[in-house]
Amino acid sequence: MTGQIERVEATLTAYLADAEIPWEPGPRAGEFVVTLPGEKKLRVVTSILVREETTSLSAFVIRNPDENHGEVYRWLLRRNLRMPMLAYAVDASGDVWVRGQVPSGSVDAGLLDHLMGIVLEAADSPFNELLVLGFLTSMRKEWAWRVSRGESLANLEAFRPLLEGAAAGNGDAEGDEDHPSQDEGPSTGS
């Protein structure tokens, strides 16, 4: 391990302790897996990878949208224009991440605090809007299914104005014996 990596890791460890942010070592050398508290998401798990030249951050935002891919990606690209140091990215599975890297020589407590704020803002703040853009049909099915069975609607309450009519408007929800997600997704070919 070089002096630069040791310095950044010590700075990061001290910052996380001072800010009382839970973390654990990641599977890769120099990786810190940090858990930020969310408001719309329960938590934002962020990987920070310290290398000699750069320190990178990445956090999962949402899985591959079920619908309206173009609208979701257009929304993310527009938001990229306003977001400093980090950007939204899509992996090979279509899942959305927020990612960025900074020179390791620039890492100090102030920069780390700024980056944690940007990651949290990018992954947590738009979460409900992204769900509506990319998963509204699935959310309506889920709502109707829960209503028809008297299940809790607690984690869908933020979307009540959009979903409330779903139970009455979806006649086939009552006849489904299985959860609506059981018939979703691509065929496995078997």
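The following refers to the structure shown. Since the structure is predicted, the reported quantities are computational estimates derived from the model, not experimental observations. (Residues numbered from 1 in each chain as written. Predicted model: local features only at pLDDT ≥ 70, side-chain atom pairs only at ≥ 80, totals over all residues. Heavy atoms only, no water.)

1. Comments concerning the overall build of the protein chain
- Counting its regular elements, the protein chain contains six helices and six strands.
- Scanning the protein chain from its N terminus toward the C terminus, one meets helices and strands in the order α-β-β-β-β-α-β-β-α-α-α-α.
- Within the protein chain, the proportion of its 190 residues that are buried is 41%.
- Within the protein chain, counting contacts between residues at least 6 apart in sequence, those at least 24 apart form 57% of the total.
- A total accessible area of about 10600 Å² is found for the protein chain, and carbon and sulfur atoms account for 53% of it. (Helix = DSSP H or I, 4+ residues; strand = E, 2+ residues; numbered from the N terminus. Buried < 20%, exposed > 50% of the residue type's maximum accessible area, 1.4 Å probe, protein only. Contact = heavy atoms within 4.5 Å. Areas by Shrake-Rupley, 256 points an atom, 1.4 Å probe, with all protein chains shown as cover.)

2. Here we look at unusual backbone geometry
- At Glu20, a position not held by glycine, the phi torsion is positive, near 55°.
- Structurally, Glu20 is set in the loop between helix H1 (3-18) and strand E1 (23-25).
- Backbone geometry places Met85, a non-glycine residue, at a positive phi of 70°.
- Residue placement: Met85 occurs in the loop between helix H2 (69-80) and strand E5 (86-90).
- With a relative accessible area of 37%, Met85 lands in the partly exposed category.

3. A word on the environment of Glu52
- With respect to the element layout, Glu52 can be found in the loop between strand E3 (43-50) and strand E4 (54-62).
- Put simply, Glu52 and Ile5 are 47 residues apart on the chain and 5.6 Å apart in space, counted from C-alpha to C-alpha.
- The contacts of Glu52, once residues within four sequence positions are left out, are Thr2, Gln4, Ile5 and Ser104.

4. Observations concerning the pattern of salt bridges
- Counted according to the given criterion, the structure contains six salt bridges.
- Residue Arg28 is joined to Glu31 by a salt bridge in which the shortest nitrogen-to-oxygen separation is 2.9 Å.
- You can call Arg28 partly exposed: its relative accessible area is 42%.
- Residue classification places Glu31 among the buried residues on the basis of a relative accessible area of 8%.
- Here Glu157 ties to Arg160 by a salt bridge, and the two come within 2.8 Å at their closest N and O atoms.
- Note on Arg160: relative accessible area 28%, which makes it partly exposed.
- Here the residues in one salt-bridge network are Glu157, Arg160 and Glu164, joined through shared partners. (Salt bridge = Lys/Arg side-chain N within 4 Å of Asp/Glu carboxyl O.)

5. Quick notes on the packing of H1 against helix H3 (residues 109-124)
- The geometry of H1 relative to H3 is characterised by a closest axis approach of 10 Å and an angle of 60° between their N-to-C directions. Taken together, the axes of H1 and H3 lie oblique to each other. Every pair of crossing elements has a handedness; the one defined by H1 and H3 is right-handed. Within the contact between the two elements, H1 uses Thr11, Leu12 and Tyr15 and H3 uses Ala109, Leu112, Asp113 and Met116. (Axes fitted to C-alpha atoms, helices over the stretch in contact; angles between N-to-C directions. Parallel < 35°, antiparallel > 145°, perpendicular 65-115°, else oblique. Left-handed = near helix turned anticlockwise from the far one by under 90°.)

6. Topic: the packing of aromatic side chains
- Using the criterion set out here, one finds three aromatic pairs in the structure.
- Pairing Trp23 with Phe32 gives two aromatic rings, centres 4.8 Å apart and planes at 35°, and the pair type is tilted.
- Ring centres 5.4 Å apart and planes at 80° place the aromatic pair Phe60 and Trp97 in the edge-to-face group. Of this pair, Phe60 sits in strand E4 while Trp97 is found in strand E6 (residues 96-103), placing the two residues 37 residues apart along the sequence. (Phe/Tyr/Trp six-rings, centres within 6.5 Å; stacked < 30°, edge-to-face > 60°.)

7. Notes on H3
- Along its 16 residues, H3 runs 22 Å from first to last C-alpha, staying within 8% of the 22 Å computed at 1.5 Å per residue.
- Taken together, the buried positions of H3 are Leu111, Leu112, Leu115, Met116, Ile118, Val119, Ala122, Ala123 and Asp124. (Expected span 1.5 Å × (residues − 1).)

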